[in-house]
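Coordinates in review
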Amino acid sequence: MSSEWVEWMRQYGEDSHQARRLRFVQEAIRAALDRAPPGPIRVLSLCAGDGRDLLGVLADHPRARDVRARLIDLTPEFVAAGRAGARALGLHAIEFVLGDASVAASAEGAVPADLLLLCGIFGNVSDRDIRATAHHAPELCAAGATVVWTRGRFPPDLTPSIREWFRDAGFEELAFVAVPDSTASVGSGRLVAPPRPFDRAVRLFTFLPDAERPASRARAAGLGPAGPAGAVATATDASDAGPRGT
Ligand SMILES: C[S@@+](CC[C@H](N)C(=O)[O-])C[C@H]1O[C@@H](n2cnc3c(N)ncnc32)[C@H](O)[C@@H]1O
């Protein structure tokens, strides 16, 4: 698992699709922090990698010291890098946890969150799990929380359904961005329905084996991108997926 994702993270080169996606994820994070009322801002990031999306914003955001965050990832290198990054910024309320984020129990003590990050997950799990994660998201959120999620728009483009699932769960869509020159997309929404009680027993998703991941299957089938901003899907184009289409 580890080395696979280390390779994925290397693709955050300056002009990569991932770097372009990152800018839109960070825009959504920045907007959420800008909107946050005075006081602590709780952030939960599942499968957070090295947390560069959040840390990149906190580096120069005036609310950085109000943020209390838990970022969870299974890859030790990322967790170590994230911890070093937070330390370098002098942010002591940013907690990187080495662990399994697929179970709600991993969020215990860090919820309800005002900002929930679900980035780089939905290309690696089943459609049913995406739906379940959207459905359970209000159990991780405070009233008015923002959710930010990503998913490649490779065919069959699931993003219309994902947007609907988040709406059904009680999130009003704030933005949906088709990342230019990429199949990547970034969605964000605000919880307008009442939050639901946290249930630590919930399993949110399970990362599928490489060959079974949606992006891998799309590439194996030679399918091109979906959506107006799409270019030909390549191994690095399915932004939620790992280096070999994971
Ligand atoms: C596609 S990367 C996304 C990383 C980050 N969110 C980003 O967008 O840059 C997927 C991440 O999920 C992590 N991961 C996979 N399964 C996990 C699990 N069950 N619990 C926590 N992290 C997991 C990997 O270590 C990897 O960092």
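In this numbering scheme, every chain counts its residues from 1 along its sequence in written order. Residues qualify for local features only when their pLDDT is at least 70, as the model is predicted, and side-chain atom pairs are given and counted only at 80 or more; totals for whole chains, interfaces and linings, by contrast, use all residues.

1. Here we look at the overall build of the protein chain
Looking only at helices and strands, the protein chain features seven helices and seven strands. Each helix and strand of the protein chain, placed in order from N terminus to C terminus, yields the pattern α-α-β-α-β-α-β-β-α-β-α-β-β-α. Remark: C-beta atoms are placed from the backbone, and a residue is labelled buried if 20 or more other C-beta atoms sit within 10 Å of its own, exposed if 12 or fewer do, or partly exposed between those counts. Expressed as a percentage of its 246 residues, the buried residues of the protein chain come to 46%. Distance between backbone-placed C-beta atoms decides contact: two residues are in contact if it is within 7 Å. Once local pairs closer than 6 in sequence are excluded, the contacts in the protein chain between residues at least 24 apart make up 81%. A helix here means a DSSP run of H or I that spans at least four residues, while a strand means a run of E at least two residues long, and both kinds are numbered starting from the N terminus.

2. So, unusual backbone geometry
Omega for the peptide link from Val111 to Pro112 comes to 5°, which places this bond in the cis form. At Asp181, a position not held by glycine, the phi torsion is positive, near 55°. C-beta crowding within 10 Å serves as the criterion here: with 13 such atoms nearby, Asp181 is assigned to the partly exposed category.

3. Comments concerning the pairing of strand E7 (residues 184-191)
Here E7 lies mainly inside the structure; seven of its eight residues are buried. A strand pair is defined by DSSP finding two or more bridges across the two strands. Across seven bridges, strand E5 (residues 141-152) lies against E7 in antiparallel orientation. Following the sheet pairing, Thr146 is matched in E7 by Arg190. Sheet topology note: the strand E6 (residues 171-178)/E7 ladder contains seven bridges and is antiparallel. In the sheet register, Ala175 faces E7, and the bridge partner there is Ser188. Where E6 folds back on E7, the antiparallel hairpin that results is connected by five residues, among which Asp181 adopts a positive phi of roughly 55°.

4. Focus on the packing of helix H5 (residues 127-136) against helix H6 (residues 159-169)
Fitting a line to C-alpha atoms yields each axis, with helices limited to the stretch in contact; the angle taken between N-to-C directions then spans 0 to 180 degrees. Across the interface, H5 lies against H6 with an axial gap of 8 Å and an inter-helix angle of 30°. The angle between the axes of H5 and H6 places the two elements in the roughly parallel class. Crossing of H5 over H6 shows right-handed handedness. Mapping the contact onto sequence places Ile130, Arg131, Ala134 and His135 in H5 and Ile162, Trp165, Phe166 and Ala169 in H6. All amino acids are sorted into three groups, where Ala, Val, Leu, Ile, Met, Phe, Trp, Tyr, Cys and Pro are nonpolar, Asp, Glu, Lys and Arg are charged, and the leftover types, Gly among them, are polar. Taken together, the residues of the contact of H5 with H6 sort by class into six nonpolar, one polar and one charged. Roughly parallel covers angles under 35 degrees, roughly antiparallel covers those over 145, roughly perpendicular covers 65 to 115, and oblique covers all other angles. The handedness criterion is simple: a crossing whose near helix is rotated anticlockwise from the far helix by less than a right angle is left-handed, and one whose near helix is rotated clockwise is right-handed.

5. Quick look at H5
Looking only at H5, the buried set comprises Ile130, Thr133 and Ala134. One side of H5 holds all its buried residues, which, seen down the axis, span an arc of 100°. Of the surrounding secondary structure, the elements contacted by the buried residues of H5 are strand E4 (113-118) and H6. This arc describes the spread of directions from the helix axis toward the C-beta atoms.

6. Digging into the site of the ligand
Close contacts around the ligand come from 17 residues, with Cys47, Gly49, Thr75, Ala101 and Gly120 the closest. Those elements that provide at least two residues to the shell around the ligand are helix H1 (2-10) and strand E2 (67-73). Its residues assigned to classes, the shell around the ligand comprises 10 nonpolar, four polar and three charged. Using a C-beta atom placed from the backbone, a residue is scored as near a molecule or strand whenever that atom is within 6 Å of it.

7. Side note on the confidence of the model for the protein chain
Looking at any residue, its pLDDT shows the predictor's confidence there, from 0 to 100. Confidence in the prediction for the protein chain averages 89 pLDDT; 88% of positions are at 70 or higher. With pLDDT under 50 throughout, residues 224-237 is counted as low confidence; its partners more than four residues away or in other chains account for 46 contacts.

8. A look at helix H4 (residues 76-88)
Helices are assigned an expected span. That span is 1.5 Å times one less than the residue count. Here H4 spans 18 Å end to end across 13 residues, near enough to the 18 Å set by a 1.5 Å rise per residue. One or two steps after H4, the chain reaches Gly90, where phi turns positive at roughly 70°.

9. Overview of the sheet that holds E6
Pairing is mixed across the open sheet formed by seven strands, whose spatial order is E3-E2-E1-E4-E5-E7-E6. On the outer flanks of this sheet lie strand E3 (94-98) and E6, each paired with one strand and no other. Going from strand to strand, the sheet's axes swing by 15° on average, the running direction of each strand aside. Pairing of strand E1 (residues 41-46) with E2 involves six bridges; the strand directions are parallel. In the sheet register, Arg42 faces E2, and the bridge partner there is Arg68. Packing against the sheet, H4 makes contact with E2 and E3, and its axis sits at approximately 165° to E3.

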